[in-house]
Amino acid sequence: MKKQTIVFIMILSFLVSSRIIYKERYYRTRSIHKIEITQNEYSRYENSNSRGGKHALFIEKEYDYLIGGIISFSLGLLLIGYNHFKKK
């Protein structure tokens, strides 16, 4: 396998794995402040909004780039090792 292919696979695996692994955080706003709430509170406020409540709710996804980097780095080492033993 060529070095360009290994680098391409590493970059692709980083982008894919860092987008797959994320943590959802739930927030509601009070005036200009953002307050973190639990998933149960979020669903309760959402039900309240469907019945006429006026809570501003939103969800943020926090992507884990560290784990994506670790996965792509280990995949790169695996491919480099594979090429090394394949040549022998």
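Analysis parameters
- Residues numbered from 1 in each chain as written.
- Predicted model: local features only at pLDDT ≥ 70, side-chain atom pairs only at ≥ 80, totals over all residues.
- Heavy atoms only, no water.
- Helix = DSSP H or I, 4+ residues; strand = E, 2+ residues; numbered from the N terminus.
- Expected span 1.5 Å × (residues − 1).
- Buried < 20%, exposed > 50% of the residue type's maximum accessible area, 1.4 Å probe, protein only.
- Arc of directions from axis to C-beta.
- Pairing = 2+ DSSP bridges.
- Phe/Tyr/Trp six-rings, centres within 6.5 Å; stacked < 30°, edge-to-face > 60°.
- Lys NZ or Arg CZ within 6 Å of the ring centre and 35° of its normal.
- Polar contact = N/O pair within 3.5 Å; in protein donor to acceptor, adjacent residues only side chain to side chain.
- Contact = heavy atoms within 4.5 Å.
- Salt bridge = Lys/Arg side-chain N within 4 Å of Asp/Glu carboxyl O.

Visitor: Describe helix α1 (residues 3–20), with residues and values.
Guide: Relative to the 26 Å expected for 18 residues at 1.5 Å per residue, α1 spans 26 Å between its end C-alpha atoms, a close match to the ideal helical length. Considered for burial, the residues of α1 that qualify are Ile6, Ser13, Ser17 and Ser18. Mapping the buried residues of α1 onto a view down its axis gives an arc of 115°, with all of them on the same face. Among the exposed residues of α1, those oriented more than 90 degrees off its buried face are Gln4 and Phe8.

Visitor: Go over the pairing of strand β2 (residues 33–37), please, and point to the residues and values.
Guide: Working note: regular strand, side chains alternate between the two faces of the sheet. Here strand β1 (residues 22–30) pairs with β2 via five bridges, running antiparallel. What sits directly across from Arg30, in β2, is His33.

Visitor: Could you give an account of the packing of aromatic side chains, with specific residues and numbers?
Guide: With the rule as written, the count across this model stands at five aromatic pairs. With a centroid separation of 6.3 Å and an interplanar angle of 35°, the aromatic rings of Phe14 and Tyr65 are classed as tilted. Residue Phe14 is found in helix α1, and its partner Tyr65 is found in helix α3 (residues 65–87); the two are separated by 51 residues along the sequence. Exposure remark for Tyr65: the relative accessible area of 43% places this residue in the partly exposed category. The interplanar angle of 25° and the centroid separation of 5.6 Å between the aromatic rings of Tyr27 and Phe58 together place this pair among those described as stacked. Of this pair, Tyr27 sits in strand β1 while Phe58 sits in strand β3 (residues 56–63), and the two are 31 residues apart along the sequence. Taken together, the ring pairs connect Phe14, Tyr22, Tyr63 and Tyr65 into an aromatic cluster. The residue whose ring lies beneath Arg19 is Tyr63, and the NZ or CZ to ring-centre distance is 4.3 Å.

Visitor: Requested: an account of the side chain of Ser18, with residues and values cited.
Guide: Locating Ser18 in the fold gives a position in helix α1. The exposure class assigned to Ser18 is buried, which follows from its relative accessible area of 1%. In this structure the side chain of Ser18 is engaged in a polar contact, spanning 3.3 Å, whose partner is the backbone oxygen of Leu15. Leaving out residues up to four positions away in the same chain, Ser18 has contacts with Tyr63, Asp64, Tyr65 and Gly68.

Visitor: Which residues make up the pattern of salt bridges, and what values go with them?
Guide: For the coordinates displayed, the defined rule picks out three salt bridges. One salt bridge connects Glu62 with Arg25, and the closest N-O pair in it is separated by 2.9 Å. Taken together, the residues span a long stretch of sequence, with Glu62 in strand β3 and Arg25 in strand β1 at a distance of 37 residues. Because the salt bridges share partners, they merge into one network encompassing Arg25, Glu36 and Glu62.

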